[in-house]
Each structure stands twice: as C-alpha cells, then as structure tokens.
Amino acid sequence: MEERYMKVCVVGTGYVGLTTGVSLAFLGHQVTCVDLDQHKVDMLNGGRCPIYEPGMDELLAEAAGNLTFTTSYSDGVPGADVVFVAVQTPSAPDGSPDLRYLRSAAESVAGNLDHDFTVVVNKSTVPIGSGNWVDAILRESFAQRADRPAGCEFSVASNPEFLREGNAIHDTLFPDRIVIGSDNPRSLEVLNQLYRPIINQTFTAPSFSPRPDDIGAVPLVSTDLASAELIKYAANAFLALKISYANEIGQLAAKVGADITEVTRGMGLDQRIGSRFLQAGVGWGGSCFGKDTKALIATAAEYNYSMPIVQAAREVNDRQRLIAVERLQDELRILKGRKIGLLGVAFKPNTDDLRDSPSLDIANLLLARGARVRLHDPIAGERFKREQPDLAPYFSDTIDALFDDCDAVVLVTEWAQYLELDWSKFVGLMRTPILLDGRHVLDADRMARLGYKYLAIAG
Ligand code: UGA
C-alpha cells in the first residue's frame, strides 16, 4: 500500500496521547494535539515535555514542523481524517473506569466534525463496549447541532496502545503488533493507511532510538470493535498474572530453599513461556495493570461472570507489598522507631509516574508500624512532593541522607543509578546494614562481601 500523509487530531496529552501525537508527526502526518490544560499546552508549544519519558524531548524537536498543541477542539477536529481520543479514564470507586472525560471529549469532537469522513479512535483503555457507547454519544451530539454540515460521516474504531512508560517511543515506533478494530471497513482502511510507515518500517529511526535489527514488517491485527477492546485488557491482565505467578513461585522458592532467579530463568527459556515479565519482586504498579485487571473483573460481573485467575493475580500482588514489610520485621523484630530507607518512588525505572507505586504502600505500611521512613528517587522527587503531600516530608534529596543511621534499606525501584551506586561507601553510614533487594537485581554475594546483610523478597 502506498503511503499517504494524513491530518490527525489527538485529544489528551497524557502518556498515550502525547506519544501517539508526537510519533505520528515524526512519521510525517500533520498532527494537532488538543488538551484543555493551558499550562501543558504552553509548555509543549515551547518544546518542553510535561512528563519524563526518555527520548520524548528529542522526538518533539524532530516532529515540531508537523505538530501543534492547542486548547481548542476547533483547531484540531475540523478536516481531520483521524481523531484519537486519549483522555484519562481513572477508576471509579466500584472498580469500573470513570468515563466522564471520555464522554465530554466525544461531545466536543462531535461539535466540530465537518467533513466527509472522520475516524474517531478510542485510544484510552476503555471497557469492552465503550466503542459503541462513544458512537452513540457522537451521533446524539452531532444530531443536536444546528450547524451540522451535510454529508459529514464518521465512525468509531478502537486502536489499543501497548506502549510501556519509560519505553514509550520505542514501543510505538517498533511495536510487536498494531491492533485496529472497527465494525466499519472504511475506518479500518484509513487506520491501515495511517500506520503504513510503522507497518512497513519505512521511516529512518532517530539516532536516540536504535532500530532493532530483526524488526521486519509489523503484523497488523485488523478486527472488529469488541475484539480490539478485549485484546488490550486480555494482554495487560496476562502480563500482570505472569508477574504474580512468578511472585507466587518466588515465595514457595524461599520456603523450599530454591533460587527464584534461577527458577524463572529456567522457565523463561521455554519459548512457550518466554522470559519477559517473569521478574519476581515487590510486584507490579503503575496506572495500567491495577486498573485494567479491576476493570476486566467489573465488566465480567456485569455479565454475571467471575474471573478467579485475574482476581488471584491482584491478591498476590497486594500480598507482595506486605511481604516486603514482614521481611524487614522478621529481621529487625521491632519496627517501631527504626529508620528504613526506600530507594525509588516511581512505579518502575525511567518514569516519574507514581501511580500505584509499591513504594507508596510499603512506606505507609511501615509508618503504620511506627518506623521512621525515608524515600529517595533520582527523577520522581518533585512529582512525589507535589502529589503525595502526606509522604513528602519523608523524602530525602540525597542518597547519603537516606542511608545515614539507617536500620535497613529497601531497593524498591531498580533505577540504573541504584544498580551502579558505590554500595561500599554507603554501608558504613548505616546503623545496621540490612539491605532488602525488592527486585532481585543486585548481586547477593557481592553485597555480602561489602558487609551488607542481603535479603530478597523471595527465595
Ligand atoms: C503496561 C504494559 O506493559 C503495556 O503494554 C501497556 O500498554 C500499558 O501497561 C498500558 O496499558 O498503558 P506499563 O504499566 O507502562 O505498561 O509498565 P510495565 O513495563 O508493563 O510495568 C508494569 C509493572 O510491572 C511495573 O511496576 C514493573 O516494575 C512490574 N514488573 C514488570 C515486574 O514486577 N516484573 C516484571 O518482570 C516486569
């Protein structure tokens, strides 16, 4: 298929929206990103990125000629071939996603549609069935417009996002697959066209993101709306339960005297299992696995169906955070008054995202047991102080201050800075040199040689 550049509008400049917009502009499409937050829009128009994502600043600069940011739908939707809706869908108290931002975005899109055919794409992770719901809102809002243009058609599609924070650009430009779903063949055709440069890998990779050698053509899954919506949830829940499974085996490994890193290595080399997402530790966090597993269970419940495997993955994950605290308690006996340092507040390395970060729960559990907690992070400190006012006073700006007179240190987020730390220097600062490796990433023998009492979460 011949490549053709399109006019694209992206609503919402969170991780997903921004990465989508910047990447499509980099590939040659004309992209307008709409966000109601004036401050964010001003930053982005000034070439500054509001989130920490490796490579994003460089890609923003490369894509600048094809990219504008605005607070106004009327600057982006008219004339667009494709409108991506990538607004936040936080969890409502019952576990189902709160779709109010999606509704108002859909209404605003409908108020500005103006030409022969527009594909409106749900890029947010939305419950199965939301595509139809958005379609109904679009039609209703469009029908209410006194100024609605004649001959204006539109259709809803789902195009789930599989990018990982911290690897967002790599995962967008070199994905394992692209999934598009719609019940309208014309929409599928437009999206197939939009993604041609990625599917055919015809672009030149920017220098900061070396092109993987074996990338070849990227498979396209072109399917119906409900299937595309379910693929996203099914994939995230599977990854979450893969990690929880490794964690469950990890606890058994500790009991029988086995080494979990050896066990998961031995498992992962079976190609039917695969080695990725088998790393045991304090468990998963972030904005996706927790929310999506909860939403999947909530959707099933609407059909009077239960999902015990997904439920169990969540329970194992919650338990891991408690196990970290109990590991320390077993060792120190008394937690009250002990100074415990937590290395890392971001939910994983290479992001400043704190959502559902294991550190937050571990800190609160320790504080509830009377410990004196200190936290550190090489990148997420400012966001932490802003978003976690209750925990902010416990943040240490330096690693020295965190280690000083500490009874135990826990490595919670495996930032490269921590792996490369001069661990020999810090051991002397501690009151008791207990080191709990929450991610099984440090060399146990080396740490013991340096004088630490090395503990792991699992065996
Ligand atoms: C996840 C999925 O990996 C993406 O494919 C998906 O697009 C995204 O959710 C989404 O729905 O938007 P993300 O949450 O950014 O991406 O982060 P991951 O790299 O998947 O890590 C999730 C959590 O699992 C982290 O807390 C990480 O530390 C933990 N993890 C990961 C483990 O505990 N063990 C592992 O082996 C791998």
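Parameters at a glance
- Residues numbered from 1 in each chain as written.
- Predicted model: local features only at pLDDT ≥ 70, side-chain atom pairs only at ≥ 80, totals over all residues.
- UniProt positions renumbered as here; feature names shortened; annotations may be inferred.
- Helix = DSSP H or I, 4+ residues; strand = E, 2+ residues; numbered from the N terminus.
- Domains from an automatic or database assignment.
- Contact = placed C-beta atoms within 7 Å.
- Nonpolar A, V, L, I, M, F, W, Y, C, P; charged D, E, K, R; others polar.
- Axes fitted to C-alpha atoms, helices over the stretch in contact; angles between N-to-C directions.
- Parallel < 35°, antiparallel > 145°, perpendicular 65-115°, else oblique.
- Left-handed = near helix turned anticlockwise from the far one by under 90°.
- Near = placed C-beta within 6 Å.
- Core = buried A, V, L, I, M, F, W, Y, C linked by C-beta atoms within 7 Å.
- Buried ≥ 20, exposed ≤ 12 C-beta atoms within 10 Å, placed from the backbone.
- pLDDT = per-residue confidence, 0-100.
- Arc of directions from axis to C-beta.

By the naming in an unreviewed UniProt entry, the protein chain goes by UDP-glucose 6-dehydrogenase and is assigned to Paractinoplanes tereljensis. UniProt, in its Pathway (unreviewed entry) section for the protein chain, records the words "Nucleotide-sugar biosynthesis; UDP-alpha-D-glucuronate biosynthesis; UDP-alpha-D-glucuronate from UDP-alpha-D-glucose: step 1/1." Under the Sequence similarities (unreviewed entry) heading, UniProt states for the protein chain: "Belongs to the UDP-glucose/GDP-mannose dehydrogenase family."

Enquirer: Explain the UniProt feature "domain: UDP-glucose/GDP-mannose dehydrogenase C-terminal" (unreviewed entry) in the protein chain here, please?
Expert: In the numbering adopted here, UniProt assigns the feature "domain: UDP-glucose/GDP-mannose dehydrogenase C-terminal" (unreviewed entry) to residues 341–444. For residues 341–444, the end-to-end C-alpha separation is 19 Å, with 32% helix and 15% strand making up the annotated structure.

Enquirer: Explain the domain arrangement of the protein chain to me, please; I cannot follow it from the model alone.
Expert: One frequently used descriptor of interface size is the decrease in accessible area upon assembly of the parts. The domain architecture assigned to the protein chain consists of domain 1 (7–223) and domain 2 (289–456). Summarising the inter-unit geometry, the C-alpha centres of domain 1 and domain 2 are found 34 Å apart. On the side of domain 2, 14 residues touch domain 1, which itself brings 13 residues to the contact. Its residues placed into classes, the side of domain 1 that touches domain 2 shows six nonpolar, five polar and two charged.

Enquirer: Sorry, what's going on with the packing of helix α5 (residues 100–110) against helix α6 (residues 130–143) here?
Expert: Relative orientation and spacing of two packed helices are given, respectively, by the angle between their axes and the distance between those axes. For the pair α5 and α6, interaxial distance at closest approach is 8 Å and the crossing angle is 40 degrees. Between α5 and α6, the angle is such that the two are oblique. The hand of the α5/α6 crossing is right-handed. Residues L102, R103, A106, E107, V109 and A110 of α5 lie in contact with α6, whose contacting residues are V134, I137, L138, S141 and F142. Each residue belonging to the contact of α5 with α6 can be placed in one class, and the counts come to eight nonpolar, one polar and two charged.

Enquirer: What should I look at first to understand the site of the ligand in this one?
Expert: The ligand sits among 21 residues. The nearest are E165, Q279, W284, G286 and C288. Per-element accounting of the shell around the ligand gives the leading share, three residues, to helix α10 (residues 225–256). Per-class residue counts for the shell around the ligand are 10 nonpolar, seven polar and four charged. When residues of the shell around the ligand are assigned to domains, at least three map to each of domain 1 (7–223) and domain 2 (289–456).

Enquirer: Help me understand unusual backbone geometry, please; the structure alone is not making it clear to me.
Expert: For residues besides glycine, phi is generally negative; the peptide bonds are generally trans as well. The backbone of F277 sits at a positive phi, close to 60 degrees, despite the residue not being glycine. Locating F277 in the fold gives a position in the loop between α11 (260–268) and α12 (289–302). Residues other than glycine seldom take positive phi values, yet N350 does so here, at roughly 65 degrees. If you trace the backbone, N350 turns up in the loop between β9 (339–343) and α14 (358–368).

Enquirer: Looking at this structure, how should I read the nonpolar core?
Expert: Taken as a class, soluble globular proteins show a tendency for nonpolar side chains to be buried jointly. I340, L342 and V410 are the most contacted members of the largest nonpolar core, which totals 67 residues. At nine residues, the largest contribution of residues to this core is made by α10. Other than its neighbours up to four places away in sequence, V410 contacts A324, I340, L342, L343, I362, L436 and G438. In terms of nonpolar packing, the next biggest core, distinct from the first, is built from 62 residues, V22, F26, V190 and L225 among them.

Enquirer: Teacher, can you tell me more about the confidence of the model for the protein chain here?
Expert: Detailed reading of the predicted coordinates is not advisable wherever pLDDT is low. Mean pLDDT for the protein chain: 94, with 98% of residues reaching 70 or above. Predicted complex, confidence summary: ipTM 0.98, pTM 0.93.

Enquirer: How should helix α2 (residues 38–45) be read in this particular structure?
Expert: In an α-helix, one turn spans 3.6 residues, which is why side chains three or four residues apart end up on the same side. Restricting attention to buried positions, one finds in α2 the residues K40, V41 and L44. One side of α2 carries all its buried residues, which in axial view fall inside an arc of 100 degrees. Those residues of α2 that are exposed and angled more than 90 degrees off the buried face are Q38 and H39. Buried-residue contacts for α2 involve β3 (67–70). In the stretch just after α2, G47 is the one whose phi turns positive, near 80 degrees.

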